[in-house]
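Each chain, letter by letter, is given below.
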Protein chains: 2
Amino acid sequence: MPGGRPRSFNPDTALDRALELFWQQGYEGTSLAELTAAMGINKPSLYAVYGNKEQLFAKALDRYFAGPGAFAAEALDEPTIRAVVERLVFGSIELTTGADTPHGCLTVKGVHACGPDAGPVRDDAVRRRKAGEAALRRRFENAPDLPRGTNAATLAQLVHTLTDGIAVQAAAGRGGGELRAVAELALRGLLDD
Amino acid sequence: MPGGRPRSFNPDTALDRALELFWQQGYEGTSLAELTAAMGINKPSLYAVYGNKEQLFAKALDRYFAGPGAFAAEALDEPTIRAVVERLVFGSIELTTGADTPHGCLTVKGVHACGPDAGPVRDDAVRRRKAGEAALRRRFENAPDLPRGTNAATLAQLVHTLTDGIAVQAAAGRGGGELRAVAELALRGLLDD
DNA sequence: CAAGTTTTATACCGATCGGTATTCAACTGG
DNA sequence: CCAGTTGAATACCGATCGGTATAAAACTTG
């Protein structure tokens, strides 16, 4: 079976351009025209390779978690609860305030794509958030260094809430320096007692 | 000078319908057709009374802060820092998880309206957030019960970050019961030492 | 009832939305 | 060189976007 015309772009690097744009402008705020322009391809190629706008966003989310967001999964391997939490919180600050990347968090922006046509995108973002939080809760459950009287699920939800707040603050323009001071204050009483 | 045809709707109650819709679907996710349908008016009336979509959103924000979000300004009058913070945090949970109102926070959603045409809306939301946080910082500065070693600006930013996180959690479907437990855990170490 | 004024309702505007049909270019195997 | 296959480029689709021109309806004043 013969080969046909070779593809003139790299699907992964083009996906990176789409990720940047979605990360910056959100799902609803990004049009197909902007996407194809940034990716350097035209619409039929986009649809042939990625499906449609919804599926392109889902693939961008995959790449987000495999690349810039990988620290969230890696954090679970830290030896202590304190180290897990610190890596998650300070990693979120780095992720959302990076000089070379858009400010804010792609999944938080995905949750806030709440127009009538964005239902599946929002649901997908919510599903991934739940999966990540469940993994964090399991990491805390039965951990030998979980303080007595602290509920693993509640602690996981608090860490998730903190990283969400950091993402909003970053999206609203707050820099990493201030956010690190905020995080230190938040974790001081939480992990020091 | 004569009177002309009387207006057939109440601008304030119609604005409340617009507020509900923006609160639920965000700025970019809500179309003029949906707005006019929910408000029970047609487009020329909307433009005559409110200006345009951007200005309608700004007026909805005004009404948001005057109504459901009024607790944020009132909280500053609480006698102690602890009471101020608790009213802000638990008030945010009520606001964003109410049974009769959309889940999430209108200003957080406004910050995440980041498409090319939503620049002014986003900037307006950011400006209002900064003003609110500045008022909170001033409330903390020189407060007699501010713990030594705690920076007023950082504490204000942390409270703001917590309420932002709560808004994201609520928008993603978390209920008020769990969020109250999260808030208690967050404030335990922060205000008890 | 007539003149003047303001709001309402409908129809319409160009532009853009996400998505696709069609045509042409570039390659492989015979 | 030719047949077959695959991707690229353009043009196009109906629908909807935010916004407006136009004209009819409902009121106040004389």
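Residues numbered from 1 in each chain as written. Chains lettered and ligands numbered in written order. Predicted model: local features only at pLDDT ≥ 70, side-chain atom pairs only at ≥ 80, totals over all residues. Heavy atoms only, no water.

K.L.:
Any details on the overall build of chain A? Residues and values, ideally.
P.N.:
In terms of helices and strands, chain A carries 10 helices and 0 strands. Scanning chain A from its N terminus toward the C terminus, one meets helices and strands in the order α-α-α-α-α-α-α-α-α-α. Across its three principal axes, chain A shows a C-alpha extent of roughly 65 × 40 × 30 Å. Going through the 193 residues of chain A one by one, you find that 53% of them count as buried. Total accessible area on chain A stands at roughly 8900 Å², and carbon and sulfur atoms take up 50% of it. Counting 22 positive and 24 negative side-chain charges, chain A places the centres of these two groups 4 Å from one another. (Helix = DSSP H or I, 4+ residues; strand = E, 2+ residues; numbered from the N terminus. Buried < 20%, exposed > 50% of the residue type's maximum accessible area, 1.4 Å probe, protein only. Areas by Shrake-Rupley, 256 points an atom, 1.4 Å probe, with all protein chains shown as cover. Lys, Arg positive; Asp, Glu negative; His and termini not counted. Charge placed at Lys NZ, Arg CZ, Asp CG, Glu CD.)

K.L.:
I'd like to hear about the protein's contact with DNA strand C, residue by residue, with values.
P.N.:
Residues in contact with DNA strand C amount to 24 residues; listed here are only the nearest, A:Lys43, A:Tyr47, A:Lys53, B:Ser8 and B:Asn42. A:Arg5 is positioned with one of its side-chain polar atoms (N or O) 3.3 Å from a base nitrogen of DNA strand C. Between a phosphate oxygen of DNA strand C and a side-chain N or O atom of B:Ser45, the distance comes to 2.8 Å. Elements with a contribution of two residues or more to the surface near DNA strand C: helix 3 (43-50) of chain A together with helix 3 (43-50) of chain B. (Near = heavy atom within 4 Å. Polar contact = N/O pair within 3.5 Å; in protein donor to acceptor, adjacent residues only side chain to side chain.)

K.L.:
I'd like a rundown of empty space enclosed by the protein, residues and numbers included.
P.N.:
A complete count under the given rule lists 3 cavities of 30 Å³ or more for this structure. There is about 100 Å³ of room inside the largest cavity. If you trace the largest cavity, you find 16 residues lining it, with A:Glu28, A:His112, B:Glu28, B:His112 and B:Ala113 closest to the centre. Looking at the lining of the largest cavity residue by residue, the classes come out as 4 nonpolar, 8 polar and 4 charged. When its volume is computed, the second largest cavity comes out at roughly 60 Å³. Around the second largest cavity, the lining residues are A:Leu158, A:Leu162, A:Ala186, A:Leu190, B:Leu158, B:Leu162, B:Leu185, B:Ala186 and B:Leu190. Contributing elements (two or more residues each) for the lining of the second largest cavity: helix 9 (152-171) and helix 10 (176-191) of chain A together with helix 9 (152-171) and helix 10 (176-191) of chain B. (1 Å grid on protein atoms, 1.4 Å probe; cavity = no way out; pocket = protein on both sides within 12 Å on 5 of 7 lines; lining within 4 Å. Points joined across faces, edges and corners; volume = space filled by probe spheres on them. Nonpolar A, V, L, I, M, F, W, Y, C, P; charged D, E, K, R; others polar.)

K.L.:
Would you mind going over the interface of chain B and chain A in detail, with residue names and values included?
P.N.:
Facing the 43 residues of chain B at the interface are 43 residues of chain A. Interface area, chain B with chain A, both sides summed: about 3500 Å², of which 62% is carbon and sulfur. Contact with chain A buries surface across chain B, with B:His112, B:Thr161 and B:Leu185 losing the most and accounting together for 16% of the total. Where chain B meets chain A, there are 2 salt bridges. Counting every contact that joins chain B to chain A gives 10 residue pairs in polar contact (both at pLDDT 80 or more). Elements that contribute at least two residues to the side of chain B that touches chain A include exactly helix 1 (11-25), helix 7 (106-111), helix 8 (119-140), helix 9 and helix 10 of chain B. With 13 residues, the top contributor of residues to the side of chain B that touches chain A is helix 9 of chain B. Residues belonging to the side of chain B that touches chain A are distributed by class as follows: 18 nonpolar, 15 polar and 10 charged. (Contact = heavy atoms within 4.5 Å. Buried area = accessible area lost by both parts, 1.4 Å probe. Salt bridge = Lys/Arg side-chain N within 4 Å of Asp/Glu carboxyl O.)

K.L.:
With reference to specific residues and values, describe the packing of aromatic side chains.
P.N.:
Two aromatic rings, taken as a pair, are described by how far apart their centres are and by the angle between their planes. This model, assessed by the stated rule, comprises 10 aromatic pairs over all chains. On the numbers, 5.3 Å between centres and 75 degrees between planes, the contact of A:Tyr27 with A:Phe57 is edge-to-face. Remark: A:Phe57 occurs in helix 4 (residues 53-66) and A:Tyr27 occurs in the loop between helix 1 (11-25) and helix 2 (32-39); sequence separation between them is 30 residues. Accessibility expressed as a relative area gives 8% for A:Tyr27, which makes it buried. Note on B:Phe22 and B:Tyr27: the rings are 6.1 Å apart at their centroids and 20 degrees apart in plane angle, and the pair reads as stacked. (Phe/Tyr/Trp six-rings, centres within 6.5 Å; stacked < 30°, edge-to-face > 60°.)

K.L.:
Would you mind going over helix 9 of chain B in detail, with residue names and values included?
P.N.:
Residues and elements named next belong to chain B. Under the 1.5 Å per step criterion, the end-to-end length of helix 9 is 29 Å for 20 residues, consistent within 8% with the ideal 28 Å. Burial analysis of helix 9 places 19 of its 20 residues in the buried class, which makes it a mostly covered element. One or two steps after helix 9, the chain reaches glycine 173, where phi turns positive at roughly 110 degrees. (Expected span 1.5 Å × (residues − 1).)

K.L.:
Any chance you could break down the relation of the copies chain B and chain A for me, citing the residues and the numbers?
P.N.:
Overlay of chain B on chain A (RMSD 0.0 Å): rotation 180 degrees, translation along the axis 0.0 Å. Look at the turn and shift together and you get a two-fold axis relating the two. (Least-squares fit on C-alpha atoms with pLDDT ≥ 70 in both.)

K.L.:
Help me get a handle on the protein's contact with DNA strand D, residues and values and all.
P.N.:
As a structural note, the neighbourhood of DNA strand D is formed by 23 residues, with A:Asn42, A:Ser45, B:Lys43, B:Tyr47 and B:Lys53 the closest of them. Near the protein, within 4 Å, the atoms of DNA strand D are sugar or phosphate in 67% of cases. Here a phosphate oxygen of DNA strand D and a side-chain polar atom of A:Asn42 are 2.8 Å apart. Between DNA strand D and B:Tyr47 there is a distance of 2.5 Å, counted from a phosphate oxygen to a side-chain nitrogen or oxygen. Of all the elements in the fold, those that place two or more residues in the surface near DNA strand D are helix 3 of chain A together with helix 3 of chain B. When residues in the surface near DNA strand D are grouped by element, the largest group, 3 residues, is from helix 3 of chain B. Residues that form the surface near DNA strand D fall into these classes: 8 nonpolar, 10 polar and 5 charged.

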